[in-house]
Number of protein chains: 4
Amino acid sequence: MHKVKAAIVGASGYSGEELVALLARHPHVEIAALTSRQSAGKTVAEFFPRMAGAAIAGMKFIEPSTESLVASGASVVFLALPHGLAAEFAAPLRKAGIQVVDLSADFRLKSADVFEEFYGEKHPAPELLVGSVYALPEVCGNDALKDAGLLACPGCYPTSILVPLVPLLRKKLIDPNSIVINSLSGVSGAGRKADVSLLFAECNESLRAYGAPKHRHLSEIEQELFAAAGEKVVVSFTPHLVPVTRGMISTIVVSPLKGADVHAVQSAWGEAYQGRPFVRMVSHLPDSKHVTSTNFIDLAVREDKRTGRLLLFSAIDNLGKGAASQAVQAFNISRGWDEATGLA
Amino acid sequence: MHKVKAAIVGASGYSGEELVALLARHPHVEIAALTSRQSAGKTVAEFFPRMAGAAIAGMKFIEPSTESLVASGASVVFLALPHGLAAEFAAPLRKAGIQVVDLSADFRLKSADVFEEFYGEKHPAPELLVGSVYALPEVCGNDALKDAGLLACPGCYPTSILVPLVPLLRKKLIDPNSIVINSLSGVSGAGRKADVSLLFAECNESLRAYGAPKHRHLSEIEQELFAAAGEKVVVSFTPHLVPVTRGMISTIVVSPLKGADVHAVQSAWGEAYQGRPFVRMVSHLPDSKHVTSTNFIDLAVREDKRTGRLLLFSAIDNLGKGAASQAVQAFNISRGWDEATGLA
Amino acid sequence: MHKVKAAIVGASGYSGEELVALLARHPHVEIAALTSRQSAGKTVAEFFPRMAGAAIAGMKFIEPSTESLVASGASVVFLALPHGLAAEFAAPLRKAGIQVVDLSADFRLKSADVFEEFYGEKHPAPELLVGSVYALPEVCGNDALKDAGLLACPGCYPTSILVPLVPLLRKKLIDPNSIVINSLSGVSGAGRKADVSLLFAECNESLRAYGAPKHRHLSEIEQELFAAAGEKVVVSFTPHLVPVTRGMISTIVVSPLKGADVHAVQSAWGEAYQGRPFVRMVSHLPDSKHVTSTNFIDLAVREDKRTGRLLLFSAIDNLGKGAASQAVQAFNISRGWDEATGLA
Amino acid sequence: MHKVKAAIVGASGYSGEELVALLARHPHVEIAALTSRQSAGKTVAEFFPRMAGAAIAGMKFIEPSTESLVASGASVVFLALPHGLAAEFAAPLRKAGIQVVDLSADFRLKSADVFEEFYGEKHPAPELLVGSVYALPEVCGNDALKDAGLLACPGCYPTSILVPLVPLLRKKLIDPNSIVINSLSGVSGAGRKADVSLLFAECNESLRAYGAPKHRHLSEIEQELFAAAGEKVVVSFTPHLVPVTRGMISTIVVSPLKGADVHAVQSAWGEAYQGRPFVRMVSHLPDSKHVTSTNFIDLAVREDKRTGRLLLFSAIDNLGKGAASQAVQAFNISRGWDEATGLA
């Protein structure tokens, strides 16, 4: 098969690094360009010593610019940039007919107003919102991704939350007003940025909630829950920062409708995710260490007979299924390839 | 002041070790005996190298027995034993007129039936239940502890949960049926026991819920919430094991009654805990690292205007306020001393 | 290509788990049997939730016995067992004409006396020692491994130490009497065993030397250094336990001979390891996190002009190049395949 | 006793924070001023939530200036500043007759030339070097500290290295040319600074040597070893960064002179450190977790009969005996108080 040329913008962050590693061994992809403002001029192996010895080790990071990306011949550009910045690249790249797989928050929301409410700034390219796909394959389905020009890849928290909840809301098995979510995230989720609060000596032996009660990811979580439920859904969501490098778990408490029990939940999941290779229903309570460096999401459910509530559990790798490998999965589908290509 | 002779049974576990360190520097206490089945014959410094150089370094652990404890002249015995085992010592010690400060679960529940339901065995000394005090000072109050013969010290999860919730239930500020609790615990909470699931290589880079939906601590949590609310309270409670040695945080989502808001919660806390040196209301979200090796509990509250729910946050050291230092605090009060004696 | 049937004995330990994962995706291997005393009857996915979804997920662990291994049709058996136990399987398996790849210490030493000196017991199968190959491919060379019936795979410490030192001793660039080695090991190196000293709460925030001055691995280190130097070599070796799950680094201080400098070292390494895909000479000081979950060994050298000594640095994954992936590498060579097969 | 007024400059770093905590509970000290450029205007509790509830919680950090320090009435100023900056404060403060306890490197070296060689800049106040005391109490002795005006507190690496080595060199028990040192440091040793290489996600699961072969601390290590040996001493010293927040161990390999053995080493240590409360000779190999948050240094020795070398081991808390608590110890002695005052 002719290989697809791909470029990665913002390749020196944690998600960018994962993308480089994944695409470098993807059987249908050839990396055409890697950009990084801070590492321009360095080789991949210099900035990522882990990749010394790989075929791509000698490739140099270049300064990011639309011109150089177009010149690279890439037919797809992955954007691993902070929100706001991604749109600056996405707009001209789309105009140039290049597919964009965006890992930022810029094109996840259908409403520019909601973006402004949660991100505190005007949306930088609202005209692109209508054409973007919220690229959570198990939720949006393969048809929505096929040949999509702009893939808005979900955040890590939304991925860990939507996969367990969406089938239950679609089947009206749970009360949309009853949802209470607690999530735990590894520190890499905050990015490779020089910030005192992310130092080892600040995070080690530290457990802390943050971003409550209105974390930015709430906007996309509720948008998608609304779509699934067919009615407005407002949830309680509390993220926590805990001392692991990679890993995320979510614990979700909900009230069932119509006597939905463990079996009903498992049936709904089984039906919704039949044939989906990356969703695993497990009998134990999910542990993040079982999914690190993979694209899996592990799901489990328990019934609390005392309260009448259901407990839903999920585990992902925040940089894997929560970011880079999920982006590759969605990209695979957009190209008509098996979704697991390059991810096994 | 004449010093009180104290003995510690089960001194070689994590809570026991904390008790040894605290009582060794307590101005009104003299350690009369330390027992440990596994370390009998060893000195304190041999088993706890951290304590080399302390005055108590050369004291030897002895085999635990009621006779040797009585013979030691101790007027108080701290029991840092697994549940079930503690009662075997408590009964004869109480008969001998010795005060017992028990860190196990054996005397926390008022009902032997509830004990059997949650612990899966008959209560070993039900006749002592009526006379025991659930020794959470900020909740039971000093009068209940004064001259108490049997102090049943709370577990770490209950401490982190009851302190924020009890004043709100007493004042009917929150709906007792709305309570959803997520707690994160450090690994020392599981004790110093040879268990593969507690190995470094199993816990590091691992995040996992466990014990849901019916963790044993639920029994004492709900007993005390019932007492506060004046009505049956059933809560959702999910504990999680996370890779810190010490530390515990709880995140509690509740629905307010009568429009109770952040201010109402803070007022209720302020009133309930006025003059209590170990309760700190903080403006940031509590971080376990701010309370490790202390007897503090940090509390915060947020209002989620979108859901109408309140978010309560607490942080403690599971071995401190969640175990050993709280036991000393309660013991201080039982003796009529300042509750912070030896804990500053 | 016809697939080779392989069995793994002791599959439920950390090295065993790595072997299962590696061989399950090895293009020329079919797993014929997995044995585990403690997990017999369980499926791979039940004991290793990480492997749920893999083709091998449903295979059941069986009780270990020579009969069942022979019956499995395996033409190679990997032994991931404690020393002493491995020999009990190796002897009958070799008699049955089955290739044995042993990850234990049982066949690493050429001398049964040295084994007894370091392991404190008689060697269980001394007649096999003469035919075993010390399977460190970069040191023993491919010819020694070709069609070998008994591969004695090196320990993690020896791997991290021999790869940097052997070429320098062979070329007489360093004084064999000057070697001082300090190594740091992750906790998984101690195995998946219920031992209080390996608990998270004992290893986290802990740094400690151990096993000095006569760690068991010294025996194989010195055997191989002797072979390289052509004279007796006695080294100072201090292992340390540090709180990482996986990873090992060694820092080696040596006195150069004949004015050997950084360039001479790099030339010797370059020459010795030309064409070896898993040895990486790096310009920075090696960091274990760059090699975790790989078969790479990173090497660097510095000259200390003040003391006239050379500093050698290496980093490996103790479970990868230090155990499982190196075993697969050696096995590949023994079968005449590319050494990186299944390891890329 | 009349309390001594003390100020702390650079109070918001890790060593500064320790100093604040120690001096706040020191029985003979009253904190007169705390300075911090970045936190000026904030209260202690706002910047250090751990200290909420302490008597000092409401004190505000002020901008650092000689004038404000003099105005505070402090008779001693602790400087917890980066090298170079400390001298800017020390010179005018000394002129104003105020005692200076400096935790930086500025006054540790007797030679301004050596300072320039190792720190790459002219010494900022060479005229003060002659009057400063290298304030390692167990090495310099109490007389040198008595009434000292400028205490140059040692770095963490030097402390962990000099305490075991100095008595042996003084007694000519070891060959000064044979010393090979490997040290492991927790991440807090690098300070509370926004640096990508110190992020949790960079340090966790990472083991790395750094700063070899000429770390800055070598200069003071060798100055003091020279003084002890009475001859030039050049050592091999390799520091390593490992994922603990606090803790440091050093492993030192030396060749004995005149048949010095374990007993000779222990005798030399015993004699040199008799009556010194913070030096503990232990029979096990020192573990950093036994000394965290203390001023202890644990020492052990082993003989390697095979190489004829001796192995020396030490463990300290890099922020305790390696920085803040040692500064308080030296300050205590300078004032004629028991050295353990406020440190027990």
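Quick caveat: nothing in here was measured; it's all calculated off a predicted structure. (Residues numbered from 1 in each chain as written. Chains lettered and ligands numbered in written order. Predicted model: local features only at pLDDT ≥ 70, side-chain atom pairs only at ≥ 80, totals over all residues. Heavy atoms only, no water.)

Some thoughts on the overall build of chain A
Scanning chain A for helices and strands turns up 12 helices and 13 strands. In terms of overall dimensions, chain A is globule-like: its C-alpha atoms have a radius of gyration of 20 Å, near the 20 Å expected for 344 residues. Seen through its C-alpha atoms, chain A measures out along the principal axes to roughly 60 × 45 × 40 Å. Classification of the 344 residues of chain A by burial places 65% in the buried group. A separation threshold of at least 6 residues defines the contact pool for chain A, and within that pool the share at least 24 residues apart is 69%. With 33 positive and 34 negative side-chain charges, chain A shows a spacing of 2 Å between the two charge centroids. (Helix = DSSP H or I, 4+ residues; strand = E, 2+ residues; numbered from the N terminus. Rg over C-alpha atoms; globule rule 2.2 N^0.38 Å. Buried < 20%, exposed > 50% of the residue type's maximum accessible area, 1.4 Å probe, protein only. Contact = heavy atoms within 4.5 Å. Lys, Arg positive; Asp, Glu negative; His and termini not counted. Charge placed at Lys NZ, Arg CZ, Asp CG, Glu CD.)

Section: the side chain of Ser-325 of chain A
All names here are of chain A. Take Ser-325: it is sitting in helix 12 (residues 324-334). Only 3.0 Å separates the side chain of Ser-325 from the backbone oxygen of Gly-320, close enough to count as a polar contact. At a separation of 3.2 Å, a polar atom in the side chain of Ser-325 contacts the main-chain amide nitrogen of Lys-321. For Ser-325, the residues in contact, after removing those within four places along its chain, are Leu-22, Thr-294, Asn-295, Leu-319, Gly-320 and Leu-343. (Polar contact = N/O pair within 3.5 Å; in protein donor to acceptor, adjacent residues only side chain to side chain.)

Describing the pattern of salt bridges
Evaluated as defined, the whole model comprises 68 salt bridges over all chains. A salt bridge links Glu-222 of chain A to Arg-306 of chain B, with the nearest nitrogen and oxygen atoms 2.2 Å apart. Taken together, the positions of Glu-222 of chain A in helix 10 (residues 217-229) and Arg-306 of chain B in the loop between strand 12 (297-304) and strand 13 (309-316) put the pair across two chains. The buried category is assigned to Glu-222 of chain A, whose relative accessible area is 12%. (Salt bridge = Lys/Arg side-chain N within 4 Å of Asp/Glu carboxyl O.)

So, the relation of the copies chain C and chain A
For the pair chain C and chain A, the best superposition has an RMSD of 0.0 Å and corresponds to a rotation of 180° with a translation of 0.0 Å parallel to the axis. Here the copies are linked by what is in effect a two-fold axis. When C-alpha distances to the rotation axis are compared across chain C, the minimum falls at Glu-205 of chain C, with a value of 4.5 Å. Interface overlap between copies is the fraction of interface residues in one copy that are interface residues in the other; for chain C against chain A it reaches 100%, indicating a shared surface. (Least-squares fit on C-alpha atoms with pLDDT ≥ 70 in both.)

With respect to the sheet that holds strand 4 (residues 99-102) of chain B
All names here are of chain B. Spatial strand order, 2-1-3-4-6-5: 6 strands in an open sheet with parallel pairing. At either margin of the open sheet sits one strand with a lone partner, and together these are strand 2 (29-35) and strand 5 (133-134). With 4 bridges connecting them, strand 1 (residues 4-9) and strand 3 (residues 76-79) associate as parallel partners. Its bridge partner being in strand 3, Val-9 is matched across the sheet by Leu-79. (Pairing = 2+ DSSP bridges.)

A few points about the environment of Pro-164 of chain A
Residue and element names in this part refer to chain A. Secondary-structure assignment places Pro-164 in helix 8 (residues 156-170). The spatial distance from the C-alpha of Pro-164 to the C-alpha of Val-265 is 9.1 Å, given a sequence separation of 101 residues. Excluding residues that lie within four positions of it along the chain, Pro-164 makes contacts with Thr-159, Ile-252, Trp-269, Ile-297, Leu-299, Leu-312 and Ser-314.

Quick look at unusual backbone geometry
Look at the link from Ala-212 of chain B to Pro-213 of chain B: it is a cis peptide, with omega at 5°. Here Pro-213 of chain B lies in the loop between strand 8 (208-209) and helix 10 (217-229). The backbone of Asp-147 of chain A shows a phi angle near 65°, a positive value even though the residue is not glycine. Its location among the elements puts Asp-147 of chain A in the loop between helix 7 (142-145) and strand 6 (150-152). Note on Asp-147 of chain A: relative accessible area 61%, which makes it exposed. At Lys-258 of chain C, a residue that is not glycine, the phi angle is positive and equals roughly 50°. Residue placement: Lys-258 of chain C occurs in the loop between strand 10 (248-254) and helix 11 (262-272).

Let's talk about the packing of aromatic side chains
Residues and elements named next belong to chain A. Counted under the stated rule, the structure contains 34 aromatic pairs over all chains. An angle of 15° between the planes, with centres 4.7 Å apart, marks the rings of Phe-115 and Tyr-119 as stacked. Pair noted here: Phe-115 and Tyr-119 are both in helix 5 (residues 112-119), with a separation of 4 residues, about one helical turn. In this structure Phe-115 comes out as buried when scored by relative accessible area, which is 0%. The exposure class of Tyr-119 is buried, given its relative accessible area of 6%. Three or more aromatic residues link up through ring pairs in this structure, and these residues are Phe-47, Phe-48 and Phe-61. Taking NZ or CZ as reference, Lys-214 lies 4.8 Å from the ring centre of Phe-118, over its face. (Phe/Tyr/Trp six-rings, centres within 6.5 Å; stacked < 30°, edge-to-face > 60°. Lys NZ or Arg CZ within 6 Å of the ring centre and 35° of its normal.)

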